[in-house]
Amino acid sequence: MASGGTGDELVFFVNGKKVVEKNVDPETTLLIYLRRKLGLCGTKLGCGEGGCGACTVMISKYDNLQKKITHYSANACLFPICALHHVAVTTVEGIGNTKTRLHPAQERIAKSHGSQCGFCTPGIVMSMYALLRNAPEPNMEEIEDAFQGNLCRCTGYRPILEGYRTFAKNQGCCGKRGNGPSCCMNEKEENAVTISSSLFNPAEFQPLDPTQEPIFPPELLVSDFRTGICILPWGYAALYQETQNSKPHKQLCFKGERVMWIQPTTLQELVALKAQHPSAKLVVGNTEVGIEMRLKNMLYPVILAPAWIPEMNFVQHTDKGIAFGASCTLSLVEKVLSKAVAELPPYKTEVFKAVLEQLRWFAGLQIRNVASLGGNIMTASPISDLNPVFMASETQLTLASTEGKRIVTVDEKFFTGYRKTMLKPEEILLSIEIPYSRKGEYFSAFKQATRREDDIAIVTCGMRVLFQEDSHRVQKIKLSYGGMAPTTVLAVKTCQKLIGRDWNEKLMQEACHLLADEMNLSPSAPGGMVDFRRILTLSFFFKFYLTVLQKLSQQLNGNNNLSEMLPSSYLSATELFHKDPIANVQLFQEVPPGQAVEDTVGRPLVHLSAAKQACGEAVYCDDIPHYENELYCTLVTSTKAHAKIISVDTTETQSVPGFVYFISAKDIPGSNVTGIANDETVFADDTVTCVGHIIGGVLADTQEHSRKAAKAVKIKYEDLTPIVTIEEAIEKKSFFKRIRKINKGNVQKGFEESDHILEGEMYIGGQEHFYLETHCTVAVPKGEDGEMELFVSTQNLTKTQEFVANVLGVPSNRILIRVKRMGGGFGGKETRNTILSTVVAVAAFKTGCPVRCMLDRDEDMLISGGRHPFLGQYKVGFMNNGKVNSLEVSYYSNGGNSVDLSYGVMERALFHLDNAYNIPNVSSLGIVCKTNLSSNTAFRGFGGPQGMMIAECWMHDIAMKCGLPAEQVRKLNLYNEGDLTHFNQKLEGFTVQRCWEECLESSNYHARRKLIDEFNRQNRWKKRGMAIIPTKFGISFTVPFLNQAGALLHVYTDGSVLLTHGGTEMGQGLHTKMIQVASRTLGIPTSKIYISETSTNTVPNTSPTAASVSSDINGMAVYNACQTILKRLEPFKQSNPKGSWEDWIQAAYVNCVSLSATGFYRMPDLGYDFDKNEGKPFCYFTYGVASSEVEIDCLTGDHKNLRTDIVMDVGTSLNPAIDVGQIEGAFVQGIGLFTLEELRYSPEGNLYTRGPGMYKIPAFGDIPSEFYVSLLRNCPNSKAIYSSKAVGEPPLFLSASVFYAIKDAIFSARRESGLTEPFRLDSPATPERIRNACVDIFTKLCPSAEPGTFKPWSVRA
Ligand SMILES: Cc1cc2nc3c(=O)[nH]c(=O)nc-3n(C[C@H](O)[C@H](O)[C@H](O)COP(=O)(O)OP(=O)(O)OC[C@H]3O[C@@H](n4cnc5c(N)ncnc54)[C@H](O)[C@@H]3O)c2cc1C
Ligand code: FES
Ligand code: FES
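- By the naming in an unreviewed UniProt entry, the protein goes by Xanthine dehydrogenase/oxidase and is assigned to Alligator sinensis.
- Per its UniProt entry, the protein bears the Subunit (unreviewed entry) comment "Homodimer. Interacts with BTN1A1."
- Comment text from UniProt for the protein, heading Sequence similarities (unreviewed entry), reads "Belongs to the xanthine dehydrogenase family."

**Observations regarding the pattern of salt bridges**
- Counting across every chain of the model gives 82 salt bridges.
- As a salt-bridge pair, Arg707 and Asp856 come within 3.0 Å of each other at their nearest N and O atoms. Of the two residues, Arg707 is situated in helix α19 (residues 703–711) and Asp856 in the loop between β38 (851–854) and α24 (857–863); the sequence distance between them amounts to 149 residues.
- Classification of Asp856 as buried rests on a relative accessible area of 9%.

**Looking at the nonpolar core**
- By size, the foremost hydrophobic cluster in this structure holds 319 residues, and its most contacted members are Tyr164, Leu479, Tyr481, Trp503, Phe541, Trp954 and Trp1141.
- Take this core: its biggest share by element is 14 residues, from helix α17 (residues 530–555).
- Leaving out residues up to four positions away in the same chain, Trp954 has contacts with Tyr874, Val876, Val884, Leu887, Val889, Leu913 and Ile919.
- Counting residues in hydrophobic clusters, the runner-up holds 96 residues, among them Cys82, Leu273, Ala392 and Ala445.

**Observations regarding the UniProt feature "binding site: substrate" (unreviewed entry) in the protein**
- Here, UniProt's "binding site: substrate" (unreviewed entry) annotation points to Glu830, Arg908, Phe942 and Thr1038.
- Secondary-structure assignment places Phe942 in the loop between β41 (921–930) and α26 (944–962).
- Relative to the assigned elements, Thr1038 resides in the loop between β42 (1022–1035) and β43 (1044–1051).
- If sequence neighbours within four positions are ignored, Thr1038 has contacts with Glu907, Arg908, Phe911 and Phe1178.

**A few points about the UniProt feature "active site" (unreviewed entry) in the protein**
- According to UniProt, the feature "active site" (unreviewed entry) maps to Glu1289 in the numbering used here.
- Non-local contacts of Glu1289, meaning those with residues more than four positions away in its chain, are made with Arg940, Gly941, Phe942, Phe1033, Ala1107 and Ser1108.
- A polar contact of 2.7 Å, which involves the side chain of Glu1289, links it to the backbone nitrogen of Gly941.

**Some words on the packing of helix α16 (residues 505–518) against α17**
- Closest axis-to-axis distance for the α16/α17 pair is 9 Å, and the angle between their directions is 160 degrees. One finds that α16 runs roughly antiparallel with respect to α17. Note on packing geometry: the crossing formed by α16 with α17 is right-handed. On α17, the residues touching Glu505, Leu507, Met508, Ala511, Cys512, Leu515 and Ala516 of α16 are Arg534, Thr537, Leu538, Phe541, Phe542 and Tyr545.
- Its residues assigned to classes, the contact of α16 with α17 comprises 10 nonpolar, one polar and two charged.

**Side note on the packing of aromatic side chains**
- Applying the stated criterion across every chain, the model contains 42 aromatic pairs.
- Relative to Tyr570, the ring of Phe542 lies with its centre 6.0 Å away and its plane at 75 degrees, an arrangement referred to as edge-to-face. Of the two residues, Phe542 sits in helix α17 while Tyr570 sits in the loop between α17 and β24 (583–589), which places them 28 residues apart along the sequence.
- Accessibility expressed as a relative area gives 2% for Phe542, which makes it buried.

Cut-offs used in this document
- Residues numbered from 1 in each chain as written.
- Chains lettered and ligands numbered in written order.
- Predicted model: local features only at pLDDT ≥ 70, side-chain atom pairs only at ≥ 80, totals over all residues.
- Heavy atoms only, no water.
- UniProt positions renumbered as here; feature names shortened; annotations may be inferred.
- Salt bridge = Lys/Arg side-chain N within 4 Å of Asp/Glu carboxyl O.
- Helix = DSSP H or I, 4+ residues; strand = E, 2+ residues; numbered from the N terminus.
- Buried < 20%, exposed > 50% of the residue type's maximum accessible area, 1.4 Å probe, protein only.
- Core = buried A, V, L, I, M, F, W, Y, C linked by side-chain atoms within 4.5 Å.
- Contact = heavy atoms within 4.5 Å.
- Polar contact = N/O pair within 3.5 Å; in protein donor to acceptor, adjacent residues only side chain to side chain.
- Axes fitted to C-alpha atoms, helices over the stretch in contact; angles between N-to-C directions.
- Parallel < 35°, antiparallel > 145°, perpendicular 65-115°, else oblique.
- Left-handed = near helix turned anticlockwise from the far one by under 90°.
- Nonpolar A, V, L, I, M, F, W, Y, C, P; charged D, E, K, R; others polar.
- Phe/Tyr/Trp six-rings, centres within 6.5 Å; stacked < 30°, edge-to-face > 60°.

Okay, here's the thing in structure tokens:
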């Protein structure tokens, strides 16, 4: 926290209010200060590492040199409190609220359905707000760029962009192109059904009035600071003069418990301080140092902040280039270079363009707004995006120390080792001069990352060539790479050999051979992806070669044969990535004419908490105000995957200030045994079975103290052999006991009757939930009879209650679990929250104090498990026309170290092994592997997506084998109405065929397929692909008794209704839908009904909010409770038919009629017997079809999602806005699963991917540029409330259409190399997998090392 330090006074403003802080601890971030000290909880903690944007705020300061106020977005989680002196901070609370007026940035995201769980919403609002403060009428590109640093796990981004598009100059439905088949221009009436394409009405939005914005604190305007940055390059001297004349600030110093922050005002002071403290860190943006201190456990006792040093904050055009002070932010560099590129002759700006290209994909805007140019160089990261450009361009640096200044060049000697440079400890980097290019000189920069936006490079490079005058003979060449060694490197040998050579095919071939040799990597190299990285070095060079060839041939005006060397089909390989304009339409059936206005069922009612979420008023678990005597708990977890605990030494924790107690198994009053299958312990006793296994918890007065104390716990282990991967588990037969089979028909006979038999294997990686709100529990002991109240972020109150009662040794009636809302769940909070809740409960019991714990993102990712990785082995028999006869499959999942929900997940995978296809003969086996990983658990789809994915894999293989279009083979095999599935359930109301036809038509599938073929003929290095994929998803828990729900309805004498039901709100809009149901049933407006929370003392024995059925079962329970009340009101209605709701309620009350009712529902006729293969596991099915088109870059493995069309049967939608939101959100989450998100482990079972830095969920730029969603019309479902259907999970699998479109595109690329047989592509289809599958001359130059001959850096689970 801020207090606890000593030193000078820190003065800043938050939302217009002055803050004067006397005792600042430099380790405190702005986020902690806002949330803890000021109680401003609207700004959220999503990751703490600048990777999610949930903590975005706006920083404003007066720039004394520009004489203007500047505003920019920044990540509060990395912003050091000490850097705030004399700046103004605006948080989401400062721009609008629900009590007075919402700011348009808040109103529009809420009303356009851009807020589901709402945890990301304040950050997104603030990114938009900061943009609007700088550009009240931004264009769409600026809006998209503003969100590069924001993540949302729920919405699929489309509604956010759609809502904010209304601020844009170039707004309009689909950019007013009006040419899409689903364009709203085509809005139509069909057989008295009105199809609507608008989920909100922009006419309702308040206009943006920039004059209404809060004013900048006048006190900061008149201050005479030296914080300004000169961005007027040509006026440098005069402005610098002005700086010299301005009254200098006084040096600041803040001392905390461990760190001292000194902010000098002159260069002399700075270099003197650096001489005095040679190991001191200079901190500008803190985007590197902040991460090192928080995540890498580094401690820098002295920090020097050069923010006020004029010589480090300037821009100057010189004879040789543009010089930037080392503290200039990357946003400023971007601005200055863009201007230079626009104004200077193109030949001079080749290097500048390359820097700009790198900055385009450098972090998010919040980071670029604070991160410095000098910080990037001096971090000396081997994957810095800028250093290869600086090395290839021979950028010059000015260094300073008490000894004076010296100039050095960024060359192969500058970086001396991993994160080391040739600077002396007492030296600082003063400025950077980026050179102009010359005539005959060409420069390119390339970067390949897992995700395009806000991701660090896998390989990055800067490449320069200078030709002898008027020729294409190489005079000088520099090829510099990042990601190929512990430092940025130069391909010295290759470059030497190319000098004097002509720029032609021969040079290219030779350069690639040389590079393959020089840029070699050990197969065990840190970072992994060895083959891919090697191939990329060649691919980048090839792109450079083509780009230069193209420019040269233009330059030399055809006085050469160069243009002949460049086939037109190669040209697209030189194109830089560009975003296509976004377009999207959502079509849904409007309510029938005559439906009462106040009846909101079927209307796109806005999520009832959306406005509060957008204003930062919505309360999440960690927003609950702190109790006076509250303690914080930090978990102490195993660093070994499998080991015996020899000793736990807590001696050093005692000396950490604020330390209170270390809890462990010995403190448990009840039972240590826990878990769904009673095969887990709350605390490890003598053996740990995964990295992240909870051993104990450290309690202290604050989170910071408890963290520090936890780091002081020393544990000794004796290593045992871990099992990490499915393959290892198969080899060692490490399986959980229950093995499931579903068999139908005669598989052997089916094979015998088939024309072909194919065998294959597919691996589908796991997935991290990445809910924006991590696990959190606050436990409050009540002091009487073992009572305890717990606020928990959980989907499963009942299991939490049961497990806490069990560990405390009290009956469940003493334990109250309360959930207001969650910041996302997706299955991750269905059971795994209990591993934290039980620990926190024990801590509260032991100390008698309230105890809180919200996991850090890295802890959450490490310990709470995720989606099960699957390995599918298949043998499929089929006819020449692609008709499937017989299938034999074995599914293996990686369950981790406990059963948890793994059996259920495997069962659902087996139920979905057919996807939507009729397979006459099936033999299937499902085995859960027991490994030394954190227990895997429920995740949206619950095994269904994995089961279906393998079906689509063999289906795709069949099409390739038969040489038939995949869509033809899929269509041929689809079920028909009345067919029996492989588990013998009859398909009734089977609408896949309808969805299929509509999707084909609305996506213009066949015509576009022809265009794709044409595109592929014309482009060698870019390929397009397309796929159409159906889905059929079984609705109900497969454990029959879970399909029950309760509700409690209180009507108060003023007519207001308090509704409670068994489901929890995690953004999916359940409470909104339940209020719609109650409103229609009771016949009163939704405004009279309120849901406060879900709790175990209102509705007991709830099923988890999961399996997509919550609206179905809770909706029926709510309906049932409403009916009870209505029945009781009937006499009063009859006696006063013209009376109002309030009249009848009053009458009932005075007549002593109960106005409180419970409701209950259970799904009928469910139950399935695996042994007999009979019964009914599902109540009904939800169906859908999606078609997707992608473009891949065969050289880099990059891909673009060009277009997706979805047609989904959700019955008669209760709320089309929520249902479309679920479809789009699930689809985009599925894009993550199948194309982006990859968990990587060390061979010893240590998870590397523990935060947004290494684990990439889809960002704004990953959604299809054209995204059309249509809800199937006229398909009421008699099996659920008001004819609706469950929607939460089913659409996720439709994203497989993107995966198979990629596979289709790769197939075209492989054909160029003469490969036409089915090939294996595992999921996710990352750039690495795509590139490696596009076999060509370059891949052949980089052969893989023989498996088994080396130890890889990472393995897949
Ligand atoms: C979410 C996120 C995304 C990122 N994405 C990218 C990316 O895409 N590409 C990329 O290359 N990097 C990326 N980075 C890394 C980082 O943002 C950059 O390296 C940034 O430029 C560092 O600047 P800073 O001012 O924040 O550095 P700080 O953290 O303030 O300092 C970094 C280091 O530089 C030293 N230093 C700073 N200035 C000087 C000076 N004048 N003289 C001597 N030493 C100095 C400091 O002592 C420290 O060791 C990312 C970081 C984050 C958190
Ligand atoms: S919490 Fe700051 S970026 Fe994620
Ligand atoms: S609404 Fe964006 S993370 Fe939930």
